[in-house]
Amino acid sequence: MDLYKTCRQKLLKMKADLLNRARQSTFDFNQIDKARGDEIDQSAAHQEEHTFLVNQNRIKSQLVEIDFRLSQD
């Protein structure tokens, strides 16, 4: 197998892994009850939301880079 095909397969696998991670992260985040609890619980939920959004943004950026490389045929 040539280097081009090997790199393309690795990029496609990375893309699939990132998409799966994004889906699982979204599912996990949606399972959190963000409206319950006292101020400390709500503050923790807010921090979890921030972390979730940062991670989703990072995954999105990586997917854009992968798609760009895959389109460079």
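The structure presented is a predicted model; accordingly, all values stated were derived computationally and were not measured.

J.: How would you sum up helix H2 (residues 39-70)? Please name residues and give values.
T.: Residue pairs three or four apart in sequence face the same way in an α-helix, which turns once every 3.6 residues. In this model, H2 (32 residues) spans 46 Å end to end at C-alpha, consistent with the 46 Å of a helix rising 1.5 Å per residue. For H2, the complete set of buried residues consists of Ala45, Phe52, Gln56, Ile59, Leu63, Ile66 and Leu70. Packing partners of the buried residues in H2 comprise helix H1 (3-30). N-capping of H2 is provided by Asp38, with a side-chain oxygen placed 3.2 Å from the backbone N of Ile40.

J.: Outline H1, listing residues and values.
T.: With 28 residues, H1 should reach 40 Å at 1.5 Å per residue; the first-to-last C-alpha distance of 40 Å fits that figure. For H1, the complete set of buried residues consists of Leu18, Ala22 and Phe29. Against the buried residues of H1 lie H2.

J.: A description of the packing of H1 against H2 should follow, citing residues and the corresponding values.
T.: At a minimum axis distance of 10 Å, the contact between H1 and H2 shows a crossing angle of 160°. Here H2 runs roughly antiparallel to H1, going by the angle between their axes. Judged by the sense of rotation from one axis to the other, the crossing of H1 with H2 is left-handed. Counted together, Arg8, Leu11, Leu12, Met14, Lys15, Leu18, Leu19, Arg21, Ala22, Ser25, Thr26 and Phe29 of H1 and Glu48, Glu49, Phe52, Gln56, Ile59, Gln62, Leu63, Ile66, Asp67, Arg69 and Leu70 of H2 form the full contact between these two elements. In the contact of H1 with H2, the residues fall into 12 nonpolar, 4 polar and 7 charged.

J.: Quick rundown of the nonpolar core? Include the residues and the values.
T.: In this structure, Leu18, Ala22, Ile59, Leu63, Ile66 and Leu70 together form the largest nonpolar core, which totals 6 residues. Among the secondary structure elements, those contributing two or more residues to this core are H1 and H2. No other element matches the 4 residues that H2 contributes to this core. Discounting residues that sit within four places of it in the chain, Ile66 has contacts with Leu11, Met14, Lys15 and Leu18.

Cut-offs applied
- Residues numbered from 1 in each chain as written.
- Predicted model: local features only at pLDDT ≥ 70, side-chain atom pairs only at ≥ 80, totals over all residues.
- Heavy atoms only, no water.
- Helix = DSSP H or I, 4+ residues; strand = E, 2+ residues; numbered from the N terminus.
- Expected span 1.5 Å × (residues − 1).
- Buried < 20%, exposed > 50% of the residue type's maximum accessible area, 1.4 Å probe, protein only.
- Contact = heavy atoms within 4.5 Å.
- Polar contact = N/O pair within 3.5 Å; in protein donor to acceptor, adjacent residues only side chain to side chain.
- Axes fitted to C-alpha atoms, helices over the stretch in contact; angles between N-to-C directions.
- Parallel < 35°, antiparallel > 145°, perpendicular 65-115°, else oblique.
- Left-handed = near helix turned anticlockwise from the far one by under 90°.
- Nonpolar A, V, L, I, M, F, W, Y, C, P; charged D, E, K, R; others polar.
- Core = buried A, V, L, I, M, F, W, Y, C linked by side-chain atoms within 4.5 Å.

None of this, on its own, says anything about what the molecule does.
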